[in-house]
Amino acid sequence: MKDVYIFAIESSCDETSAAVIKNGKEVVSLTIASQISTHENYGGVVPEIASRMHTESITYVIDDAIRKSGMKMEEMDAIAVTYTPGLLGSLLVGIEAAKVLSYVYNKPLIAVNHIAGHIYANNLEDNSIKFPSLGLVVSGGHTEIIYLENDYNFKVLGSTLDDAIGEVYDKVARVLNLKYPGGPNIEKLAKLGKPSYKLPIPMNDDSLNLSFSGLKSSIINLVHNEEQRGNSINKEDLACSFQTIAVDELARKLEIAINNYKVDNVIVAGGVSANGYLREEIKKITDKYNLNLSIPKMLYCTDNAAMIGAAAYPLFKQKKFANYDLNGYSTKSVYSSN
Ligand code: KG4
Ligand code: ZN
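Right, let's walk through the structure included here. For every chain, the first residue of the written sequence is number 1, and numbering continues from 1 onward in sequence order. As they are written, the chains are lettered A onward and the ligands numbered 1 onward, keeping that order. pLDDT decides what is reported in this predicted model: residues at 70 or higher carry local features, side-chain atom pairs at 80 or more are listed and counted, and totals for whole chains, interfaces and linings draw on all residues regardless. Hydrogens and water molecules were not included; the side-chain quantities draw on all heavy atoms of the structure.

## Some details on the site of ligand 1
Note on terminology: near, applied to a residue and a molecule or strand, indicates that one of the residue's heavy atoms is within 4 Å of it. Taken together, the neighbourhood of ligand 1 is formed by 20 residues, with His 118, Gly 140, Asp 170, Glu 187 and Gly 271 sitting nearest. In protein, a polar contact requires one atom able to donate a hydrogen and another able to accept it; more generally it is a pair of N or O atoms within 3.5 Å, and residues adjacent in sequence count only if both atoms are side-chain atoms. Contacts to ligand 1 include His 114, whose side-chain N or O atom sits 3.0 Å from an oxygen atom. One of the side-chain N or O atoms of His 118 is found 2.9 Å from an oxygen atom in ligand 1. Computed with a 1.4 Å probe, the accessible areas rest on the Shrake-Rupley method; for each residue, only the protein chains presented here act as cover. Contact with the protein chains covers 88% of the free accessible surface of ligand 1, which is 550 Å². Labels follow the DSSP assignment, with helices taken as runs of H or I lasting at least four residues and strands as runs of E lasting at least two, numbered in each case from the N terminus. Elements represented by at least two residues in the shell around ligand 1 include exactly helix H4 (114-120), helix H5 (165-175) and helix H6 (182-190). For the shell around ligand 1, the leading source of residues is H6, giving four residues. Polar here means any residue outside two lists: the nonpolar Ala, Val, Leu, Ile, Met, Phe, Trp, Tyr, Cys and Pro, and the charged Asp, Glu, Lys and Arg; Gly therefore counts as polar. Here the residues of the shell around ligand 1 sort into five nonpolar, 12 polar and three charged. An automatic or database domain assignment supplies the start and end points of every domain. Shared between two domains, the shell around ligand 1 holds at least three residues of each, these being domain 1 (5-122 + 300-317) and domain 2 (131-295).

## Comments concerning the coordination of the zinc ion (ligand 2)
Each metal's donors are the N, O and S atoms within 2.8 Å of it, or within 3.2 Å when it is Na, K or Ca, and because water is not part of the set, sites may look incomplete. At this site the zinc ion (ligand 2) is bound by His 114 (NE2), His 118 (NE2) and Asp 303 (OD), with donor distances of 2.0 to 2.1 Å. Geometry at the zinc ion (ligand 2) is irregular, judged from the six donor atoms that bind it and their angles of 54 to 162° at the metal. Mapped onto the sequence, the donors of the zinc ion (ligand 2) take the spacing H-x3-H-x184-D. Here His 118 is found in helix H4, whereas its partner Asp 303 is found in the loop between helix H10 (298-301) and helix H11 (306-317), with 185 residues between them in sequence. Relative accessibility thresholds used throughout: buried, under 20% of the residue-type maximum; exposed, over 50%; partly exposed, between the two (1.4 Å probe, protein chains only). Accessibility expressed as a relative area gives 15% for Asp 303, which makes it buried. Just to be clear on the cut-offs, tetrahedral is four donors with all angles between 85 and 135 degrees, square planar is four donors and octahedral six with opposite donors over 155 degrees apart and all others between 65 and 115, and anything else goes down as irregular.

## What about helix H2 (residues 47-69)?
What a helix is expected to span follows from its residue count: subtract one and scale by 1.5 Å. With 23 residues, H2 extends 31 Å from end C-alpha to end C-alpha; this agrees with the ideal 33 Å at 1.5 Å per step. Along H2, the residues that are buried comprise Ala 50, Ser 51, His 54, Ser 57, Ile 58, Val 61, Ile 62, Asp 64, Ala 65, Ile 66 and Ser 69. Positive backbone phi, at 70°, marks Gly 70, one or two positions downstream of H2.

## Things to note about the packing of H6 against helix H8 (residues 235-260)
Each pair of packed helices gets described by two things: the angle between the helix axes and the distance between those axes. Every axis in this analysis is a line fitted to C-alpha atoms, fitted for helices over the stretch in contact. Angles between the N-to-C directions lie between 0 and 180 degrees. In the contact formed by H6 and H8, the axes pass within 7 Å of each other and the chain directions differ by 110°. Compared by their axis directions, H6 and H8 come out roughly perpendicular. At the point where H6 passes H8, the crossing takes the left-handed sense. Contacts between H6 and H8 involve Ile 186, Glu 187, Leu 189 and Ala 190 from the first element and Lys 235, Glu 236, Ala 239, Cys 240, Phe 242 and Gln 243 from the second. Residue composition of the contact of H6 with H8, grouped by class: six nonpolar, one polar and three charged. Relative orientations are named as follows: roughly parallel for angles under 35 degrees, roughly antiparallel for angles over 145 degrees, roughly perpendicular for angles from 65 to 115 degrees, and oblique for any other angle. Each crossing gets its handedness from the near helix: less than a right angle anticlockwise from the far helix is left-handed, clockwise is right-handed. The contact criterion used throughout is that any non-hydrogen atoms of two residues lie within 4.5 Å.

## Points about the sheet that holds strand E4 (residues 78-84)
Two orientations exist for strands paired in a sheet by backbone hydrogen bonds: parallel and antiparallel. Here a strand pair is declared whenever DSSP counts at least two bridges between the two strands. The sheet built from five strands is open, its strands ordered E3-E2-E1-E4-E5 with mixed pairing. Lying at the two open borders of the sheet, with one neighbouring strand each, are strand E3 (26-34) and strand E5 (109-113). Strand-to-strand, the axes of this sheet are offset by a mean angle of 20°, without reference to chain direction. Alignment of E4 against E5, held across five bridges, turns out to be parallel. For Val 81, the partnering residue across the bridge sits in E5 and is Ala 111. The sheet strands contacting H2 are strand E1 (5-10), strand E2 (15-22) and E3, and the helix crosses E2 at an angle near 25°. Packed on one face of the sheet, helix H3 (residues 88-105) meets E1, E4 and E5 and runs near 160° to E4.

## Some remarks on the pattern of salt bridges
A side-chain nitrogen of Lys or Arg and a carboxyl oxygen of Asp or Glu constitute a salt bridge if their distance falls within 4 Å. In the structure shown here, the tally under the stated rule is 20 salt bridges. In this structure, Lys 179 engages Glu 40 in a salt bridge whose closest nitrogen and oxygen atoms are separated by 3.5 Å. Placement of Lys 179 in the loop between H5 and H6 and of Glu 40 in the loop between helix H1 (36-39) and H2 is noted, with a sequence separation of 139 residues between them. The class of Glu 40 is partly exposed, set by a relative accessible area of 25%. Across the pair Glu 149 and Lys 155 runs a salt bridge, and its minimum N-O distance is 3.6 Å. You can call Glu 149 partly exposed: its relative accessible area is 36%. Overlapping salt bridges bring together Asp 205, Asp 206, Glu 249, Arg 252 and Lys 253 as one network.

## Considerations on the pairing of E4
The element E4 is largely enclosed, with a buried count of seven among its seven residues. Bridge analysis of E1 against E4 gives four bridges, and the strand direction is parallel. Looking at the pairing, Ala 8 lines up with Ala 80 of E4. With H3 bridging E4 and the parallel E5, this β-α-β connection has right-handed handedness. Crossovers are described as right-handed under a simple rule: with the strands pointing away from the observer, the path leading from the first strand over the helix to the second runs clockwise.

That's the geometry; what it means functionally is another story.
Written out as structure tokens, the structure is:
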């Protein structure tokens with residue numbers, strides 16, 4: 001079969017990225033322009049600044065990805081772009097760029113869901129998504145345990161009832177005066193501490209749903225109360241206590257799902273899958289049940305266009321192309337409704 005080359009663009013949040021992906025798995029080239037150092041000064045992503053920065057860097061990023069690939073845009077089989085979920089102004093920058101490339105080079109346009117991108121990041125370099133599979137999706141806006149029946153047929157078995165795990169990492173980091181994005185900074189600090197703080201266990205039940213807002217609030221209250229009393233906080237221990245409880249709960253719920261759904265494969269997806277403690281704890285469980293575990297390489301855990309090219313590949317094979325009235329949407333689910 002002829003090789004398929006997809007030129008992919010991602011601009012849903014604070015990374016402007018473009019990539020050339022061969023056959024849905026091989027990363028021919030990848031360019032990522034991160035805005036983190038700018039948003040860091042504000043303690044989080046400022047949507048207006050994000051879209052302006054995408055506008056400034058999108059052409060450079062596209063140019064760089066095609067140059068590094070050693071190929072020409074004429075050789076691409078399709079142009080793929082993230083259209084949801086994300087910051088609307090940011091999404092539109094990528095979408096408009098993709099439409100122009102599609103029109104000028106007469107290539108089909110593929111609209112990709114960002115969460116599908118995180119899931120298909122597992123196919124990058126080694127095609128490791130096997131069906132059926134259980135999945136743990138952990139990002140800044142999503143926390144779900146899912147069942148993957150086959151390509152783009154994903155069902156939610158359980159999800160957070162309030163905050164997403166990445167969001168809670170970022171909020172806890174903020175109250176500890178750590179820089180945005182909080183996840184990697186909490187992880188670093190947690191390595192130096194012990195889980196000595198007693199914090200509430202989130203949703204201590206046997207359902208597959210999760211809840212992190214109680215844990216988040218208890219940490220924020222604890223820090224404020226200690227500050228008011230003039231007491232100091234052991235930040236390392238608090239970071240470690242938070243991470244241990246949050247990740248152990250994710251792992252515990254995944255184990256319940258494993259006991260209820262007979263699958264041989266587990267995948268992990270989303271920015272929080274870069275977390276070393278989470279990777280270790282999930283590995284312990286999949287080893288215990290003798291299951292195949294797929295977690296993306298670190299580079300592909302957080303936002304990037306390579307994962308968008310990987311998620312576009314099954315859509316290309318099914319000829320699911322978008323029209324030029326494609327719009328951006330801040331939230332659209334990739335999951336089937338039942
Ligand atoms: O998937 P992602 O890049 O963006 C969204 O689609 O939301 O996820 C970003 C989230 C942020 O909340 C960030 O703090 C978290 O992933 N994150 C981490 C780590 N690296 C990124 N959380 C915990 N440990 C990490 N090493
Ligand atoms: Zn993401």
